[in-house]
Amino acid sequence: MKKVRPNSQSENIRLHIEAEILSGKIRPGERLDEDAIAAKFDVSRTPVREAILQLAHSGLVERLPRKGSIVARTNIKKLIQAFELVSELEGICGRLATRRMSEMEIQALKDCHAKSERLLKTRDIDAHYRYCRKFHVLLINGTHNEEIMDVAHRLGSKLLPYRRFQLHYPGKAETNFEAHQNVLKAVIERDAIKVANIMKEHTTVQGDALAEYVSVTSLSIQDSKEEDQTAAFIDAVKAIGMV
């Protein structure tokens, strides 16, 4: 494999492992071999460890004493609950930010959205997503409320892999961009209620497909084993066209 630049090594490795976990190519409970990954990407173990630490932070990987790192088992119930909570929280952030953001902060939001549009046109979806995420971060920071910012960033980080991965599904990136376009327009108009409603719906929709799939299966989320929950999650991802 072609050797990647030092400043992009850990990110490239993280995205690769993340995609393989979400697609089911790397199974829950499977150990991540740092030496094998380093050899595959022709890098030292340092960027591999950095990538795995980032994956652990998002909840996709577990680091176990004396056992190394393994792919975490997905708890679907908690994942859906997280989407529901983040939906409400980002609605609040949107409402407060619209009232409190300075003109300079709104300009930064415009610039971020414009960059995401250029990347979407070139179909660089992973780079496009980074600016989509930045768009959310700018709105969250625009609340100027440190308590809300702390909770929103912490909870939002747990959903990053799932939100990023779904943008590869046909039409999802465009739908996501359109929602951001509507949010930006409402922010400029200082329509706080409209921004709150769009943000809530925007985040809810991202979790709805998974929630609907789980709700119509015979799987009992409360009573099922973690392995069954993980298998159902992978089936859900495939069912809504993410892979």
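In every chain, residue numbers begin from 1 and rise along the written sequence. Confidence filtering applies because this is a predicted model: local features only for residues at pLDDT of at least 70, side-chain atom pairs given and counted only at 80 or more, and all residues used for totals across whole chains, interfaces and linings. Side-chain metrics rest on all non-hydrogen atoms present in the structure, leaving aside hydrogens and water.

## Side note on the overall build of the protein
Thought 1: Secondary structure summary: the protein contains 10 helices and three strands in total.
Thought 2: Per the convention used, a helix needs a DSSP run of H or I reaching at least four residues, while a strand needs a run of E reaching at least two, with both numbered from the N terminus. Along the protein, helices and strands appear, N-terminal first, in the series α-β-α-α-β-β-α-α-α-α-α-α-α.
Thought 3: Burial here depends on accessible area, computed with a 1.4 Å probe over protein chains only, as a share of the maximum for the residue type. Under 20% is buried, over 50% is exposed, and the range in between is partly exposed. Scored against the burial criterion, the 243 residues of the protein give a buried share of 47%.
Thought 4: Restricting the contact set of the protein to residue pairs at least 6 apart, pairs at least 24 apart contribute 74%.
Thought 5: For the protein, the computed accessible surface area is about 12,700 Å², with 51% contributed by carbon and sulfur atoms. Residue contacts are defined here by distance: any two heavy atoms, one from each residue, within 4.5 Å place the two residues in contact. Per-residue and other accessible areas follow the Shrake-Rupley method at a 1.4 Å probe size, with only the shown protein chains counted as cover for residues.

## Here we look at helix 6 (residues 125-141)
Thought 1: Multiplying 1.5 Å by the helix residue count minus one yields the expected span of that helix. Between the first and last C-alpha of helix 6 there are 24 Å, a value that for 17 residues agrees with the 24 Å anticipated at 1.5 Å per step.
Thought 2: Along helix 6, the positions that sit buried rather than exposed are I125, A127, H128, Y129, C132, R133, F135, H136, L138, L139 and I140.

## Overview of the nonpolar core
Thought 1: In plain words, nonpolar cores are sets of buried Ala, Val, Leu, Ile, Met, Phe, Trp, Tyr and Cys residues tied together by side-chain atoms within 4.5 Å. Among the nonpolar cores identified, the biggest contains 32 residues, and I13, I17, I21, L32, I37 and V48 are the most heavily contacted of them.
Thought 2: Those elements that provide at least two residues to this core are helix 1 (9-22), helix 2 (34-41), helix 3 (45-58), helix 4 (76-100) and helix 7 (146-166).
Thought 3: Beyond its immediate stretch of four places on either side in the chain, V48 contacts I13, E34, I37, A38 and V43.
Thought 4: Counting residues in each nonpolar core, the second largest holds 15 residues, with L138, A186, V195 and M199 among its members.

## Focus: the side chain of E18
Thought 1: Counting through the fold element by element, E18 comes out in helix 1.
Thought 2: Not counting chain neighbours up to four residues away, the residues in contact with E18 comprise L55, L60, P161 and R164.

## Some remarks on the environment of G68
Thought 1: For G68, the position within the fold is in strand 3 (residues 68-71).
Thought 2: In contact with G68, other than residues within four places in its own chain, are E62 and R63.

## Let's talk about the confidence of the model for the protein
Thought 1: The predictor reports its confidence for every residue as pLDDT, a score running from 0 up to 100. On average, the protein scores 82 in pLDDT, and the residues at 70 or more come to 80%.
Thought 2: Of all helices and strands in the protein, the one with the weakest mean pLDDT is helix 10 (residues 226-239) (52), whereas helix 5 (residues 103-121) scores best (97).
Thought 3: Counting contacts from residues 1-6, a segment whose pLDDT is below 50, to residues more than four positions away or on other chains yields eight contacts.
Thought 4: This model gives residues 237-243 a pLDDT under 50, and the stretch forms 15 contacts once residues within four places in sequence are excluded.

## As for the pattern of salt bridges
Thought 1: By definition, a salt bridge exists where a carboxyl oxygen of Asp or Glu is found within 4 Å of a side-chain nitrogen of Lys or Arg. Inspection of the entire model under this criterion finds 11 salt bridges.
Thought 2: Between R14 and E18 there is a salt bridge, with the nearest N and O atoms lying 3.6 Å from each other. Within this pair, R14 and its partner E18 are both found in helix 1, separated by four residues, close to a single helical turn. The same class applies to R14 and to E18, which are both buried.
Thought 3: The residue E34 makes a salt bridge to R49 at a minimum N-O spacing of 3.1 Å. Of this pair, E34 sits in helix 2 while R49 sits in helix 3; the two residues are 15 residues apart in sequence, bridging distant segments of the chain.
Thought 4: E34 gets classed as buried once you look at its relative accessible area, which sits at 13%.
Thought 5: Given a relative accessible area of 39%, R49 falls into the partly exposed group.
Thought 6: Connected via shared salt-bridge partners are E34, D35, R45 and R49.

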